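Spelled out, the chains give:
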Amino acid sequence: MNQQPTQSIELDIRGMTCDACARHVTQALQSVPGVSQVQIPGWQSGRAIVTAQIDAPETILTAAVQAAGYQATVRAPLATPARQTPSQHSVHKDTDFDLLVIGTGGGGMAAAIKGAESGQRVAIIEAGVIGGTCVNIGCVPSKTLIRAAESYYRAGHHPFAGIETAACGVDWPAVIAQKDALVAELRAGKYVDVLASYREQITLVQARARLQADGAVALDDGRVLTARGVVIATGARPQRLPLEGIDRVPVLDSTSAMALAQPPTSLIVIGGRAIALEMGQTFARLGAQVTILQRSARLIPEHEPEIADALAEILRQEGVRVETGVTPLALREEAGQKVVTASVNGELQEFRAEQMLMATGRTPNTAALGLAEAGVATDDGGFIIVDEFMQTSRPGIYAAGDVTNRPKLVYVAAAAGGVAAENALEGNRKRLNLTVLPDVIFTDPQVATVGLTEAQAMADGYTVKTSVLPLSYVPRALAARDTRGLIKLVAEQGTDRLLGAHVLAAEGGEVIQTAALAVHAGLRYGFTVADLRGMLFPYLTQVEGLKLAAQTFEKDVAQLSCCAG
Ligand SMILES: Cc1cc2nc3c(=O)[nH]c(=O)nc-3n(C[C@H](O)[C@H](O)[C@H](O)COP(=O)(O)OP(=O)(O)OC[C@H]3O[C@@H](n4cnc5c(N)ncnc54)[C@H](O)[C@@H]3O)c2cc1C
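Worth saying up front: this structure is predicted, and the values here are computed from it rather than measured. (Residues numbered from 1 in each chain as written. Predicted model: local features only at pLDDT ≥ 70, side-chain atom pairs only at ≥ 80, totals over all residues. Heavy atoms only, no water.)

Section: empty space enclosed by the protein
Next up, step 1: Evaluated as defined, the whole model comprises two cavities of 30 Å³ or more.
Next up, step 2: Looking at the largest cavity, the residues that line it are Ser-142, Leu-145, Ile-146, Met-258, Glu-278, Met-279, Thr-282 and Phe-283.
Next up, step 3: If you list the elements that add at least two residues to the lining of the largest cavity, you get helix 5 (139-154) and helix 8 (274-285).
Next up, step 4: At four residues, helix 8 tops the list of elements feeding residues into the lining of the largest cavity. (1 Å grid on protein atoms, 1.4 Å probe; cavity = no way out; pocket = protein on both sides within 12 Å on 5 of 7 lines; lining within 4 Å. Points joined across faces, edges and corners; volume = space filled by probe spheres on them. Helix = DSSP H or I, 4+ residues; strand = E, 2+ residues; numbered from the N terminus.)

What follows is the structure, encoded as structure tokens:
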């Protein structure tokens, strides 16, 4: 292993006009001796971040770019070896930094920015691509593909609509190129540039980090960094079920599925929660024969059963085969097809398709992180156990985001990162409050939910009342000619407080935050379902469905006049 100290150098590159240019510049820089890593956050960014040995002359880097047909100038060193600089900046002279953050995803970025904004010296360490999961391989690329498939489907280009076959259908390379361009733009704008704007306070270190028993952080370039506090935000990756044959059969995960050269003609999706359903519906809309295999008796089993059943029916109507009660046992390849042998409600069955996507949850990025040596405890799934302050079992070491035993959502990761950094620097005084947590599954229609389901509320000891409003009663849905879905509200008898709202509707994600405010206001200020019912809602909007669902507690909605209060 190369033990020489390295630095990160940022170059301004001129002349890049496409992805191929970015590849050429990357190759040119990689060919320079002493360069260990090159990152170009999209050709549009006009920049390259190079990790190179400290003695690699910058002029050789610019010359290599020039030889490839582009122009380069050195912008500024982003990271210098910490041991050479920190004491002149650090508040505590006995540590290199005040805060060390491992990972540049949503959790790590929020932690680093919180530290920087409180005037502390922060180092953020990244082993892979800046920005982590959400922008590179998660929220952003998946939502742009979902929207592309939705537009394509709504335009009638769907094999089941009989208007056009998939074979002459979507321009997949163009869709992928647009997705990649958006990813590059947002990675540059929301991560790389943001870090650069904090260059005085935040040092970006491109290396793989490992905790030591003494609480310091060792890097794979040989350096060891110390700080008053550490925030681990190393995220998670797709989990692979340990099925017989899994090592012999190439199986897609969410990352590789979004990078396919062509959409498959047929696809088996193992899993029945958010990522499985979002991707399954997307590929079905692009023309694939999709089969979803879900282990539980229902899709999205943590959600309201009315919503899970309605969504399964909607998917079936689009031509997706939805099988529940399926336990996959073994995989094999046969005649160019992937075959799953599974137990279906106790009987053996086989399912075949050109491609197979496994979307059965996430596994934490904790291998070789030194958690055991550092005394950081994990749960049965390997996720770091944190308390409400985001502190791990080792005082001074905090964790945030998907690597922890908390919900795997980027806004939770970011909120947790801020809390973790503040507590690491100031002592435990801030708690992460997840009582009112809205959540959206980006199927079409979307599943949007906040607060307790009826079953959860009853398990928590509430005496509940519920209302269920089919979307066919919502004028907006009628006008849009898309009445698929329903709204279910869960309230407490007596206090009349809203405990939960569960929406299956086109753009349901835009509706749910109003319900989240109502749940929050109920808990905090005693806001009631009657208060919600009494508010003015604009006609015709999807969110008006919340008011109508609130009215349904008291009245037969079929007898309401238009906009009746
Ligand atoms: C397909 C998909 C769709 C999604 N859609 C949504 C959505 O619509 N909305 C939503 O809220 N959430 C969504 N998510 C979840 C969301 O992406 C994650 O919750 C979020 O990105 C987690 O952020 P994080 O900071 O915890 O980790 P990450 O973003 O994964 O960042 C961790 C970083 O740590 C780095 N790292 C790991 N180990 C080391 C090490 N030893 N040393 C140095 N660096 C290291 C990694 O390279 C990575 O860059 C989606 C996820 C997927 C996969």
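Let's pick the thread back up.
A few points about the pairing of strand 15 (residues 321-324)
Regular strands place their side chains on alternate faces of the sheet.
Next up, step 1: Bridging between strand 14 (residues 289-294) and strand 15 involves four bridges; their strand directions are parallel. Paired with Ile-292 across the strands is Val-322, a residue of strand 15.
Next up, step 2: Viewed along the sheet, the connection from strand 14 through helix 9 (residues 305-317) into strand 15 turns out right-handed. (Pairing = 2+ DSSP bridges. Right-handed = clockwise from strand over helix to strand, strands pointing away.)

Focus: helix 1 (residues 19-30)
Helical periodicity: at 3.6 residues per turn, an α-helix aligns residues three or four positions apart in one direction.
Next up, step 1: The end-to-end C-alpha distance of helix 1 is 16 Å, a good match for the 16 Å that 12 residues give at a rise of 1.5 Å each.
Next up, step 2: By the burial criterion, the buried members of helix 1 are Cys-21, Ala-22, Val-25, Thr-26, Ala-28 and Leu-29. Seen along its axis, helix 1 keeps its buried residues to an arc of 165°; they face one direction.
Next up, step 3: Looking at the buried side of helix 1, the elements it contacts are strand 1 (6-14), strand 2 (35-39), strand 3 (47-53) and helix 2 (58-67). (Expected span 1.5 Å × (residues − 1). Buried < 20%, exposed > 50% of the residue type's maximum accessible area, 1.4 Å probe, protein only. Arc of directions from axis to C-beta. Contact = heavy atoms within 4.5 Å.)

A few points about the side chain of Arg-47
Next up, step 1: Structurally, the position occupied by Arg-47 is in strand 3.
Next up, step 2: Side chain to side chain, Arg-47 and Asp-193 meet in a polar contact 2.7 Å long. (Polar contact = N/O pair within 3.5 Å; in protein donor to acceptor, adjacent residues only side chain to side chain.)

Some points on the pairing of strand 26 (residues 498-505)
Next up, step 1: Judged by how many residues are buried, strand 26 sits mostly within the fold: eight of eight residues are covered.
Next up, step 2: Here six bridges tie strand 25 (residues 486-492) to strand 26, and the two strands are oriented antiparallel to one another. Within strand 26, the residue paired with Ala-491 across the bridge is Leu-498.
Next up, step 3: Between the end of strand 25 and the start of strand 26, which pair antiparallel, lie five residues, with Gly-494 showing a positive phi angle near 90°.

Focus: the site of the ligand
Next up, step 1: Neighbouring the ligand are 37 residues, the closest being Gly-107, Glu-126, Thr-133, Lys-143 and Asp-402.
Next up, step 2: The contact in question runs from an oxygen atom of the ligand to an N or O atom on the side chain of Thr-133, over 2.5 Å.
Next up, step 3: One of the backbone nitrogen or oxygen atoms of Cys-134 is found 3.2 Å away from an oxygen atom of the ligand.
Next up, step 4: Those elements that place two or more of their residues in the shell around the ligand are helix 3 (106-117), strand 6 (122-126), helix 4 (132-137), helix 5 and helix 11 (410-426).
Next up, step 5: The element contributing the most residues to the shell around the ligand is helix 4, with four residues.
Next up, step 6: Taken together, the residues that form the shell around the ligand break down as 17 nonpolar, 14 polar and six charged. (Near = heavy atom within 4 Å. Nonpolar A, V, L, I, M, F, W, Y, C, P; charged D, E, K, R; others polar.)

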